[in-house]
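Here is what each chain is made of, one letter per residue.
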Amino acid sequence: MAFPQPRPQAPQLPQLLLRTVDCQQGAVRAVRFNADGNYLLTCGGDKSLKLWSVSRGTLLKTYTGHGYEVLDVDCSFDNSQLCSCSSDKTVILWDVGSGQKVNCVQFNEEATVMLSGSIDGTVRCWDTRSRRMEPIQILDEARDGISSLKVSEHELLTGSVDGRVRRYDLRMGQLHVDFIGSPITCVCFSRDGQCTLSSSLDSTVRLLDKSSGEMLGEYSGHVNKGYKLDCCLSDKDTHVLSCSEDGHVYFWDLVEGSLTLKLPVGKAVVQSLSFHPTEPRLLTSMEGCVQVWGAEPEDAAVEDVKAE
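Note that the coordinates shown come from a computational prediction; the quantities given were computed from them, not determined experimentally.

A. Inspection of the packing of aromatic side chains at higher detail. Applying the stated criterion across every chain, the model contains 3 aromatic pairs. Judged by centre distance (6.0 Å) and plane angle (45°), the rings of Tyr219 and Trp252 are tilted. With Tyr219 in strand 19 (residues 215-220) and Trp252 in strand 22 (residues 248-253), this residue pair connects regions lying 33 residues apart in the sequence. Pair check on accessibility: Tyr219 and Trp252 agree, each one buried. Here the aromatic rings of Tyr250 and Trp252 are separated by 5.8 Å at their centres, their planes lie at 25°, and the arrangement is stacked.

B. Examining the sheet that holds strand 9 (residues 113-117) more closely. The strand order across the open sheet formed by 3 strands is 9-10-11, and the pairing between neighbours is antiparallel. Looking at the sheet topology across the chains shown, the edges are occupied by strand 9 and strand 11 (137-139). Each strand of the sheet is rotated relative to its neighbour by a mean of 20°, with strand direction disregarded. Pairing of strand 9 with strand 10 (residues 123-127) involves 5 bridges; the strand directions are antiparallel. Following the sheet pairing, Gly117 is matched in strand 10 by Val123.

C. Highlighting the side chain of His66. Following the sequence through the fold, His66 ends up in the loop between strand 5 (59-64) and strand 6 (70-75). Within the structure, the side chain of His66 is placed 2.8 Å from the side chain of Ser84, a separation counted as a polar contact. Only 3.0 Å separates the side chain of His66 from the side chain of Thr90, close enough to count as a polar contact. Setting aside its immediate chain neighbours within four residues, His66 contacts Lys47, Ser84, Cys85, Ser86, Asp88, Thr90, Ile92 and Trp94.

Criteria and cut-off values
- Residues numbered from 1 in each chain as written.
- Predicted model: local features only at pLDDT ≥ 70, side-chain atom pairs only at ≥ 80, totals over all residues.
- Heavy atoms only, no water.
- Phe/Tyr/Trp six-rings, centres within 6.5 Å; stacked < 30°, edge-to-face > 60°.
- Helix = DSSP H or I, 4+ residues; strand = E, 2+ residues; numbered from the N terminus.
- Buried < 20%, exposed > 50% of the residue type's maximum accessible area, 1.4 Å probe, protein only.
- Pairing = 2+ DSSP bridges.
- Axes fitted to C-alpha atoms, helices over the stretch in contact; angles between N-to-C directions.
- Polar contact = N/O pair within 3.5 Å; in protein donor to acceptor, adjacent residues only side chain to side chain.
- Contact = heavy atoms within 4.5 Å.

Structure representation (structure tokens):
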């Protein structure tokens, strides 16, 4: 006798506000989880970069050295190094523990190169193991500024104001271009590596098949007309997320394309977001604050963190 199979449980979405962190660094231009999701990084309009505990919301370290507002940051897989970029046209590599700027570091095979995208339309590749200040490679195919880039194994994904998403297969030496038309504000890979996601200034987020370029989904309803806003996928690729200029974060079902959740963050532009790598937790930034969202109440979330 065949027993009915239980219906798959709907994924939990981070819609409960766990805490708000007053970053005290001017406008927060970007917020990012670190590699394992235990810490968060904030990029400030006051030229500073800050490292925080996610579970407690406490400041752990401040990094200063940029000459103008910090725009983005990434963390190495082993949490020992940070790289940040700024409106002062510099890219800085940091030692996490000491807070010192470093010119020489030994990453393992997966983190030997640092990449930066610029308003001049170039992507520059830097060898973090050498002391040379010149890039080892410059990719200059874009016709306008690079607004976003992501790296996954041997692939590089870039979004440009020229309305094109470019995917470089660094191992094969190939370039794939998808024309969107509207200036791109953010790009990312799906967690399974099969798709690319891009947001643009026509208030639309698009999901493309990475290999064929086929349009798999379009997601709209949010407002993205004048700001560089983040988009991403949830930890299990079930939902597409986007910031919005109307003070919300929008969640769409990836397959159906329907709006699942319109998360009210505040009354200003939600400029940046970051989804936890393995759990239903979300970071959002609005003006000078960062919000930490979870799928369960604060007490349970804190207990889970302590139990890890």
